[in-house]
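Examination of the molecular architecture
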Amino acid sequence: DPVVLWYEGILRLDPVSENPLERSRRKELGLLVHRLLAQALRGDRPSGEIHPAPPLDACRIRLGQLLESWRSRRPRDAYWESFHLELSSVAFGLFDSVASEIEDSYLAVEYPFPADTTLSTVKGELRISGRVDLAILDRPERDGASVRIFDFKTCSDKPLDAGKMGRLGQSLQWGVYL
């Protein structure tokens, strides 16, 4: 095959399996869902501000508008239509998971860890930074509140496995929350 000869023999490029391309699409999908869902739940409020949960219908409508706005900036072809359908399905599915948890609560979307947050380790205190995708609180202030954490990236109901977290370095964020 002249194409294989050109890429492998002349350019010395190895074939790329589909797996990295699938991961790239999944990663892009995840990042977009995260951004769009955060915007839909936050509304016009700044990131990290604790506020009453907005009406679910308003959030759902806003999410739909954000998805349509995103789609309108992409070419009208089968690839982007397919991506948009998948993006919409994942975004609304995640919204539905969150919706059952947020009614009559207070939300902090993309809530930053306080500047002095540390994690006790066997080697001493480790300063950590970052933000929580969604904190669902039972009152309008953090101190004394009962807080549930919802992580947009994992969005999994699999139980935490400390051994796997240590061995594979996966889901470490959940350990920090605990």
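For the structure itself, look to the data block above.
Here is what the cut-offs are and how they apply
- Residues numbered from 1 in each chain as written.
- Predicted model: local features only at pLDDT ≥ 70, side-chain atom pairs only at ≥ 80, totals over all residues.
- Heavy atoms only, no water.
- Axes fitted to C-alpha atoms, helices over the stretch in contact; angles between N-to-C directions.
- Helix = DSSP H or I, 4+ residues; strand = E, 2+ residues; numbered from the N terminus.
- Parallel < 35°, antiparallel > 145°, perpendicular 65-115°, else oblique.
- Left-handed = near helix turned anticlockwise from the far one by under 90°.
- Contact = heavy atoms within 4.5 Å.
- Phe/Tyr/Trp six-rings, centres within 6.5 Å; stacked < 30°, edge-to-face > 60°.
- Pairing = 2+ DSSP bridges.
- Expected span 1.5 Å × (residues − 1).
- Buried < 20%, exposed > 50% of the residue type's maximum accessible area, 1.4 Å probe, protein only.
- Polar contact = N/O pair within 3.5 Å; in protein donor to acceptor, adjacent residues only side chain to side chain.
- Salt bridge = Lys/Arg side-chain N within 4 Å of Asp/Glu carboxyl O.
- Core = buried A, V, L, I, M, F, W, Y, C linked by side-chain atoms within 4.5 Å.

Packing of helix H3 (residues 56–72) against helix H4 (residues 78–102) leaves a shortest axis separation of 11 Å and a crossing angle of 165°. Considered as vectors, H3 and H4 are oriented roughly antiparallel to each other. Relative to H4, the crossing made by H3 is right-handed. Of the residues in H4, those touching H3 at Leu56, Cys59, Arg60, Leu63, Gly64, Leu67, Glu68, Trp70 and Arg71 are Trp80, Glu81, Phe83, His84, Leu87, Ser88, Ala91, Phe92, Phe95, Asp96, Ala99 and Ile102.

So, on to the packing of aromatic side chains. The description of two aromatic rings rests on the distance between their centres and on the angle between their planes. Applying the stated rule across the entire model yields five aromatic pairs. By the ring-pair criterion, three or more aromatic residues cluster together here, those being Trp70, Tyr79, Trp80 and Phe83.

Below, the discussion takes up the pairing of strand S4 (residues 124–127). Direction of pairing for strand S3 (residues 118–121) relative to S4: antiparallel, over a ladder of four bridges. Bridged to Thr121 within S4 is Gly124.

Look at H4: 35 Å from first C-alpha to last across 25 residues, which is about the 36 Å you get at 1.5 Å a residue. Among the residues of H4, Phe83, His84, Leu87, Ser88, Ala91, Leu94, Phe95, Val98, Ala99 and Ile102 are the ones counted as buried. Between the side-chain oxygen at the start of H4 and the backbone nitrogen of Tyr79 there is a gap of 3.3 Å, and the oxygen is on Asp77. Downstream of H4 by one or two residues, Asp104 has phi in the positive range, about 60°.

Attention now moves to the sheet that holds strand S6 (residues 147–150). If you walk across this open sheet you meet the four strands as S1-S2-S5-S6, and the pairing is antiparallel. Each of the sheet's edge strands pairs with one partner strand only, and the pair in question is strand S1 (50–52) and S6. In this sheet, neighbouring strand axes are inclined to one another by 25° on average, regardless of whether the strands run parallel or antiparallel. Pairing of strand S5 (residues 131–137) with S6 involves four bridges; the strand directions are antiparallel. Within S6, the residue paired with Leu137 across the bridge is Val147.

Okay, the pattern of salt bridges next. Taken as a whole and judged by the stated rule, the model has seven salt bridges. Note that Asp96 is salt-bridged to Arg60, the shortest N-O span being 2.2 Å. One end of the pair, Asp96, is in helix H4; the other, Arg60, is in helix H3, and 36 residues separate them in sequence. Its relative accessible area of 41% is what places Asp96 among the partly exposed residues.

As a further point, take the nonpolar core. If you look at the biggest cluster of nonpolar residues, it comprises 27 residues, and the most contacted ones within it are Leu37, Leu41, Leu63, Leu87, Val98, Leu134 and Phe152. If you list the elements that add at least two residues to this core, you get helix H2 (18–42), H3, H4, strand S2 (106–112) and S5. Ignoring any residue separated from it by four or fewer positions in sequence, one finds Leu63 in contact with Leu36, Leu37, Ala40, Ala91, Phe92 and Phe95.

That is the geometry; function is a separate question.
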